[in-house]
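Working through the structure, step by step
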Amino acid sequence: MAAPLRGRLRALAAALGGCGLLLGSALAAGDERLYAAAMPALRALPPEAAHGLALRFAALGLLPPARPDGPALEVRVLGHRFCNPVGLAAGFDKHGEATDGLYKMGFGFVEIGTVTPQPQEGNPRPRVFRLEEDEAVINRYGFNSHGHAAVERRLRARQDAQLRLTRVGMPLGVNLGKNKSSTDAAADYVAGVRTLGPLADYLVVNVSSPNTPGLRDLQGKAELQDLLTKVLAARDALPCAHKPAVLVKISPDLTTQDKQDIASVVCELGVDGLIVSNTTVSRPSSLQSRQRSEPGGLSGKPLRELSTQTIRDMYSLTRGQVPIIGVGGVSSGQDALEKIRAGASLVQMYTALVYHGPPVVRAVKQELEELLKEQGFRNVMEAVGADHQS
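The notes below deal with the structure included here. (Residues numbered from 1 in each chain as written. Predicted model: local features only at pLDDT ≥ 70, side-chain atom pairs only at ≥ 80, totals over all residues. Heavy atoms only, no water.)

**Describing the overall build of the protein**
This is how it is decided: In this description a helix means any DSSP run of H or I spanning at least four residues, a strand means any run of E spanning at least two, and both kinds are numbered starting from the N terminus. Both definitions apply: the radius of gyration is a C-alpha atom measure, and the globule rule equals 2.2 Å times residues to the power 0.38. Burial classification: accessible surface area is computed with a 1.4 Å probe over protein chains only, and a residue below 20% of its type maximum counts as buried, one above 50% as exposed, and the rest as partly exposed. Working definition of accessibility: Shrake-Rupley area with a 1.4 Å probe, residue cover restricted to the visible protein chains. Counting rule for charge: Lys and Arg are taken as positive, Asp and Glu as negative, and neither His nor the chain ends is counted. For this purpose, a charge sits on NZ of Lys, CZ of Arg, CG of Asp or CD of Glu.
On a plain count of helices and strands, the protein comes out with 14 helices and 13 strands. Relative to its length of 390 residues, the protein is compact, with a C-alpha radius of gyration of 20 Å against a globular reference of 21 Å. Its C-alpha atoms give the protein principal-axis dimensions of roughly 65 × 50 × 50 Å. The burial tally for the protein puts 56% of its 390 residues in the buried class. For the protein, the exposed surface amounts to about 16,300 Å²; the carbon and sulfur share of it is 52%. Counting 44 positive and 39 negative side-chain charges, the protein places the centres of these two groups 5 Å from one another.

Now the structure itself:
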C-alpha cells in the first residue's frame, strides 16, 4: 500500500475515533455546548461516513431522555395521538437500525425507510453532498435498502416497545419504495404493505424520489390511481386489528395540473394523508456552494419555501380534508409554524440535524410552543391551516 494512502487511512481512522469520542460524550451528557464542538468534527468526515457514525451512536441509545412535551404541542391525526408534531423524516434511518434511540431525541414520531422489497445497493458513491454555505444537502442515494425481510426482523424484535411508544404518543411510520430493477411497481408497494404494514402506525407510498428512474411517473393521475387502489386494498386486507394509515409522499416540482390530479385521486380513493414534500431537482439561483450542480435531490433551507407553497396548494385543493405532514427546510419553530399555518398537521426534519445536531429538535419545539402562544393559538391543532381562514 502506498505511503500517502496509508497516511490518509490513518488520518481517517483518527478522525473517526476522535469524532466518535466527542460525539459520544455529547450524546451521553446531552450538553449543547459539547454538540457545538462535536458537529464540526462530524462534518469533517465524508457525509455518508458521518451519517453512519451518527446512526451508530443513536442505535447505542446513549441519548438522555427528552423532556416531556407540553399539552399545546399534542396533535391527534391519522388515528393516533402525537405528543408533539415534530417527526424525523425518512432517509435518516433507512433500515430501522436505530429507531428506539432516535425517539430519545424528542421526536413525536419517527419514519424509517425508504425500504424496498429486495436488498439493493443504491447508486454509486459519492452520492450525498453537503452545501454548507446554504445549509442544504444534495443526495442521490437511489433507495439503498436492506430489503423487507431484514427490516421486518428488526421491527418485529422491538414490536412490544413500539406498541408502548405509540400508546404514549410516539407513532412509527414506514416509507415504502420499489426496487430499481422492478417491472411491477404496484407489486413492490403491495409487498411492502403486507410485510411491514402490521408493524407500522402509518405507511408511506414514496413515488417522488428523483433518484430512481421512472419513479416520479407514478404521480401521473392514471398511474397513481391504479397504484393506490391496489395499495389500499392490500392495507384493508391485513389481518391485524389496527391497520396502518396510508399516505403518499409527493414532489415539490409538480405542475398545477399534477397537483390537481393528485388531490383528485387522493380524495376519491380515501387516502389517509399526504407527505409534502420530497427533495427538489430545481436549483435556486441563491445557492452558493460549489456542490450546487451535483445531480440529485436538494433538501434543507433552500427547499423551505417551495415545500411550504406545495403544502398550501395541496391543503387548498383537498379543502383541508386530507391530513398533511410537511417536510422541507424545517430548522426552527418559525419554519414549523409556517408549514402548520399553511395546512400541515405534523412536520418532519432531517437536514437540520446535519448542521445542528439533536439539540435542534428541542429548540424547534420550544420556539413553536412560544410562537403558538404569541399568535393566540391554544395548541397546534388550532393553527393548522390558519392561513386559509378568511
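Still more to cover.
**Points about the side chain of Arg 216**
Definition in use: Any N or O atom pair separated by 3.5 Å or less is treated as a polar contact, with the protein-specific requirement of one donor-capable and one acceptor-capable atom, and with residues adjacent in sequence counted only for side-chain atom pairs. Throughout, a residue-residue contact means that at least one pair of heavy atoms, one from each residue, lies within 4.5 Å.
Tracing the backbone through its elements, the reader meets Arg 216 in the loop between strand 8 (202-206) and helix 8 (221-236). Of note is the side chain of Arg 216, whose polar atom sits 3.2 Å from the side chain of Ser 251. Reaching out from Arg 216, the side chain makes a polar contact with the backbone oxygen of Thr 279 at a distance of 2.8 Å. Setting aside residues up to four positions removed in sequence, Arg 216 forms contacts with Val 207, Ser 208, Ser 209, Pro 210, Ser 251, Pro 252, Asp 253, Thr 279 and Val 281.

**Some details on the sheet that holds strand 5 (residues 128-131)**
Short version of the rule: If DSSP finds at least two bridges between two strands, the strands pair. Only the stretch in contact is used when fitting a helix axis, every axis being a line fitted to C-alpha atoms; angles between N-to-C directions are given from 0 to 180 degrees.
Spatial strand order, 5-6-11: three strands in an open sheet with antiparallel pairing. On the outer flanks of this sheet lie strand 5 and strand 11 (297-300), each paired with one strand and no other. For this sheet the average axis-to-axis angle between neighbouring strands, irrespective of direction, equals 20°. With four bridges joining them, strand 5 and strand 6 (residues 136-139) adopt antiparallel strand pairing. When the bridges of strand 6 are listed, Phe 129 appears paired with Ile 138.

**Let's talk about the packing of helix 11 (residues 333-342) against helix 13 (residues 359-374)**
Helix-helix packing: each pair is described by the crossing angle between the helix axes and the interaxial distance. Stated precisely, the cut-off is as follows: An angle below 35 degrees is treated as roughly parallel, one above 145 as roughly antiparallel, one from 65 to 115 as roughly perpendicular, and anything else as oblique. The handedness criterion is simple: a crossing whose near helix is rotated anticlockwise from the far helix by less than a right angle is left-handed, and one whose near helix is rotated clockwise is right-handed. In this count, Pro and Cys sit with the nonpolar residues alongside Ala, Val, Leu, Ile, Met, Phe, Trp and Tyr, while Asp, Glu, Lys and Arg are called charged and the others, Gly among them, polar.
Packing of helix 11 against helix 13 leaves a shortest axis separation of 7 Å and a crossing angle of 60°. Put simply, helix 11 runs oblique to helix 13. For helix 11 against helix 13, the interelement crossing comes out right-handed. Of the residues in helix 13, those touching helix 11 at Gly 333, Gln 334, Ala 336, Leu 337 and Ile 340 are Val 364, Glu 367, Leu 368, Leu 371 and Leu 372. Tallied by class, residues from the contact of helix 11 with helix 13 come to seven nonpolar, two polar and one charged.

The values are spatial; any link to function lies outside them.
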